[in-house]
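Now for the letters of each chain:
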Amino acid sequence: MIAISLMPFMLLAQARIGIVDSQELFNLMPEKASAEAQLKVLSDRYHTEYLLLQREFDKKYADYQAVAADATMPEAIKERRVQELQESDKKMRDFQQRTADDIAARREALTRPITDKIQAAIRTAGEQGALDLVLDTAVTPVAYTGPNTIDLMPVVKTILGIE
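Residues numbered from 1 in each chain as written. Predicted model: local features only at pLDDT ≥ 70, side-chain atom pairs only at ≥ 80, totals over all residues. Heavy atoms only, no water.

This paragraph deals with the overall build of the protein chain. A tally of helices and strands in the protein chain yields five helices and three strands. When its helices and strands are written in sequence order, the protein chain yields α-β-α-α-α-β-β-α. Structurally, the protein chain occupies a C-alpha span of about 90 × 45 × 20 Å along its principal axes. The burial tally for the protein chain puts 24% of its 163 residues in the buried class. Pairs at least 24 residues apart make up 86% of the contacts formed inside the protein chain by residues separated by at least 6 positions. (Helix = DSSP H or I, 4+ residues; strand = E, 2+ residues; numbered from the N terminus. Buried < 20%, exposed > 50% of the residue type's maximum accessible area, 1.4 Å probe, protein only. Contact = heavy atoms within 4.5 Å.)

What follows is the structure, given as structure tokens:
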């Protein structure tokens, strides 16, 4: 019974295991700078537009305060100004959500080819080394690596053409 429960550990002891850090590889990729620059341009454009919406809201709020302070102003006008403020606020919140979604989608579109390239290089390095398992320390923390664990970082970097 004890031999059966130890079998997975005995099989793992015979496995050839490599380790990599995909986050470190991603940070070294030359394509990363281009992706970040494109995302910054997009983010800056959205920020500029948001500032315009904010100014519009601030103006409507100032107008509302003036109307609300005027005791002779009819309630219908006050209510219309409140409604305009609410619509302006909703417009800003909707814009923020749309921009966050768009930036996230663009980030995915720009980084997916980089991560795919890294994964293909890791797979190639694992196949070349006839490894049974490759652990990514960026995804799964590894508490200990023994002397038989193979550091694939140099091989993967060579495959990717990075240092």
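A separate point is unusual backbone geometry. A positive phi angle, near 50°, is found at alanine 130, a position not held by glycine. By secondary structure assignment, the location of alanine 130 is in the loop between helix 4 (75-128) and strand 2 (133-136).

Time to look at the packing of aromatic side chains. In total, this model carries two aromatic pairs according to the counting rule given. Relative to phenylalanine 95, the ring of tyrosine 46 has its centre 5.8 Å away and its plane inclined at 80°; by these criteria the two rings are edge-to-face. Placement of tyrosine 46 in helix 3 (residues 30-69) and of phenylalanine 95 in helix 4 is noted, with a sequence separation of 49 residues between them. Judged by relative accessible area, which is 22%, tyrosine 46 ranks as partly exposed. Between phenylalanine 57 and tyrosine 61, the ring centres sit 6.4 Å apart and the planes meet at 10°, which makes this aromatic pair stacked. Here the residue phenylalanine 57 and the residue tyrosine 61 both occupy positions in helix 3, the gap between them amounting to four residues, near one helical turn. (Phe/Tyr/Trp six-rings, centres within 6.5 Å; stacked < 30°, edge-to-face > 60°.)

What follows covers the confidence of the model for the protein chain. Per-residue confidence for the protein chain gives a mean pLDDT of 91; residues scoring 70 or more make up 92%. Per-residue pLDDT stays below 50 along residues 3-7; that stretch engages in one contact with residues further than four places along the chain or on separate chains. (pLDDT = per-residue confidence, 0-100.)

Close approach of charged atoms allows side chains with opposite charge to pair. Applying the stated criterion across every chain, the model contains 13 salt bridges. Note that glutamate 36 and lysine 32 form a salt bridge whose closest N and O atoms lie 3.4 Å from each other. With glutamate 36 and lysine 32 both in helix 3, this residue pair falls four residues apart, about one helical turn. Classification of glutamate 36 as partly exposed rests on a relative accessible area of 45%. Lysine 40 is paired through a salt bridge with aspartate 44; the nearest N and O atoms lie 2.9 Å apart. (Salt bridge = Lys/Arg side-chain N within 4 Å of Asp/Glu carboxyl O.)

Moving on to helix 4. Taking 1.5 Å per residue, 54 residues should reach 80 Å; helix 4 reaches 78 Å between its end C-alpha atoms and fits that length. Roughly 35° is the biggest bend found in helix 4, and it falls at threonine 111, with proline proline 113 one to four residues downstream. Following helix 4 by one or two positions, alanine 130 has its phi on the positive side, about 50°. (Expected span 1.5 Å × (residues − 1). Bend = angle between axes of the 7 residues up to and from the residue.)

Tracing the backbone through its elements, the reader meets serine 88 in helix 4. Overall, the relative accessible area of 3% leaves serine 88 in the buried class. Excluding residues within four positions of it along the chain, serine 88 makes contact with Glu56, Phe57 and Lys60.

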